[in-house]
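Each chain, letter by letter, is given below.
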Amino acid sequence: MGLDHSTVAGVWKEFGVRPWKADTFKFSTDPELVAKVTDVVGLYLNPPENAVVLCVDEKSQIQALNRTQQVLPMAPGHNEQRTHDYVRHGTSTLFAALEVATGQVTGVCKGRHRHQEFLVFLKHVARAYPDRELHLVMDNYATHKKAEVRDWLAHNPRIHVHFTPTSGSWLNLVEVWFGIIERQAIRRGTFTSVRDLTGKIRAFITGWNKRKHPFTRTKTPDEILDKINRKRQHVSSTGH
């Protein structure tokens, strides 16, 4: 088209378009948007007394990639050097539960990403917090709503589920933590096998839990909903 980077960047800036943000072009159409935002954010700001609030989700298809040549570390006068080609050694799925009040992460790696593995993980979380009332924040992914999962939750009344709105997974704080482990341990890592990958993920979680910190939200439900409405109006008025 003959447009340079600065021209495109200028247009993006003028119209507030940020294509690197997943939710830029997709607003939630959930009819229960207001109720779900109010419920989830209210849970973060005012958790029930003596209860544990956990943000739960899975990071699927994590690839065990190994570079074809050894990575050359940074040295005086030279940047880190690595090949652009790699060998694939399989994938793994990380199921994680982030405790909002402390930042503690409970994580399990599984080879597959089905409701069976999700249910196994929920049971693992329940064992990690025995005799505690649990409030789980999760998205509307079909795996989370399978009959087997619903039946198990029905038989465990101390565990309460709070769903984020459709296309509103950004409300789930474990997504922030997934971004952290992606940047710090996965994206630039080299893994000789799935076992090597899962071992390094577990090592990262262990290290994280030693230096953990609370995950907090300061904006109220009304402030978040107001921002969503202002973005809708801006997109509608600009036609983008």
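Residues numbered from 1 in each chain as written. Predicted model: local features only at pLDDT ≥ 70, side-chain atom pairs only at ≥ 80, totals over all residues. Heavy atoms only, no water.

Visitor: I'm lost on the packing of helix 3 (residues 115-128) against helix 4 (residues 147-154) in this one. Help?
Guide: Packed helix pairs are characterised by how far apart their axes lie and by the angle those axes make with each other. Contact geometry of helix 3 with helix 4 gives a least axis separation of 9 Å together with a crossing angle of 20°. What the angle tells us is that helix 3 and helix 4 run roughly parallel. The two elements helix 3 and helix 4 meet at a crossing, and its hand is right-handed. In contact with His-115, Phe-118, Leu-119, Leu-122, Lys-123 and Ala-126 of helix 3, helix 4 contributes Glu-148, Val-149 and Trp-152. Classifying every residue of the contact of helix 3 with helix 4 gives six nonpolar, one polar and two charged. (Axes fitted to C-alpha atoms, helices over the stretch in contact; angles between N-to-C directions. Helix = DSSP H or I, 4+ residues; strand = E, 2+ residues; numbered from the N terminus. Parallel < 35°, antiparallel > 145°, perpendicular 65-115°, else oblique. Left-handed = near helix turned anticlockwise from the far one by under 90°. Contact = heavy atoms within 4.5 Å. Nonpolar A, V, L, I, M, F, W, Y, C, P; charged D, E, K, R; others polar.)

Visitor: Whenever I open this one, the environment of Thr-190 confuses me. Can you help?
Guide: Mapping Thr-190 onto the fold places it in the loop between helix 5 (174-186) and helix 6 (194-210). Residue classification places Thr-190 among the partly exposed residues on the basis of a relative accessible area of 27%. Once the C-alpha coordinates of Thr-190 and Val-87 are considered, the two residues, 103 residues apart in sequence, prove to be 9.8 Å apart. (Buried < 20%, exposed > 50% of the residue type's maximum accessible area, 1.4 Å probe, protein only.)

Visitor: I tried to follow the environment of Cys-109 on my own but got confused; where do I start?
Guide: For Cys-109, the position within the fold is in strand 3 (residues 105-110). When the C-alpha atoms of Cys-109 and Ala-96 are compared, they prove to be 8.7 Å apart, with 13 residues separating the residues in sequence. Setting aside its immediate chain neighbours within four residues, Cys-109 contacts Ser-92, Thr-93, Leu-94, Thr-198 and Ile-201.

Visitor: Is there a simple way to explain unusual backbone geometry in this structure?
Guide: Most of the time, phi is negative for any residue but glycine, and the peptide bond is trans. At Asn-50, a position not held by glycine, the phi torsion is positive, near 65°. When you line up the elements, Asn-50 lands in the loop between helix 2 (33-45) and strand 1 (51-67). With a phi angle near 60°, Ser-167 is a residue other than glycine that sits in the positive phi range. Secondary-structure assignment places Ser-167 in the loop between strand 5 (159-163) and helix 5. We classify Ser-167 as partly exposed; its relative accessible area is 23%.

Visitor: Is there a simple way to explain the packing of aromatic side chains in this structure?
Guide: The geometry of an aromatic ring pair comes down to the distance between the two centres and the angle between the two planes. One pass over the full model with this rule turns up six aromatic pairs. Note on Phe-95 and Phe-118: the rings are 6.5 Å apart at their centroids and 40° apart in plane angle, and the pair reads as tilted. Taken together, the residues span a long stretch of sequence, with Phe-95 in strand 2 (residues 86-99) and Phe-118 in helix 3 at a distance of 23 residues. Across the pair, Phe-118 and Phe-95 agree in class, each one buried. Measuring from centroid to centroid gives 6.3 Å for Trp-177 and Trp-208, while their planes differ by 75°, and the two rings are edge-to-face. In this pair, Trp-177 sits in helix 5 while Trp-208 sits in helix 6, placing the two residues 31 residues apart along the sequence. Residue Trp-177 shares its accessibility class with Trp-208, and that shared class is buried. Each member of the aromatic cluster is reached from another via a ring pair, and the members are Trp-177, Phe-178, Phe-204, Trp-208 and Phe-215. Sitting above the plane of the Phe-163 ring, Lys-145 keeps its charged end 4.6 Å from the centroid. Over the ring of Phe-204 we find Arg-211, and its NZ or CZ is 5.7 Å from the ring centre. (Phe/Tyr/Trp six-rings, centres within 6.5 Å; stacked < 30°, edge-to-face > 60°. Lys NZ or Arg CZ within 6 Å of the ring centre and 35° of its normal.)

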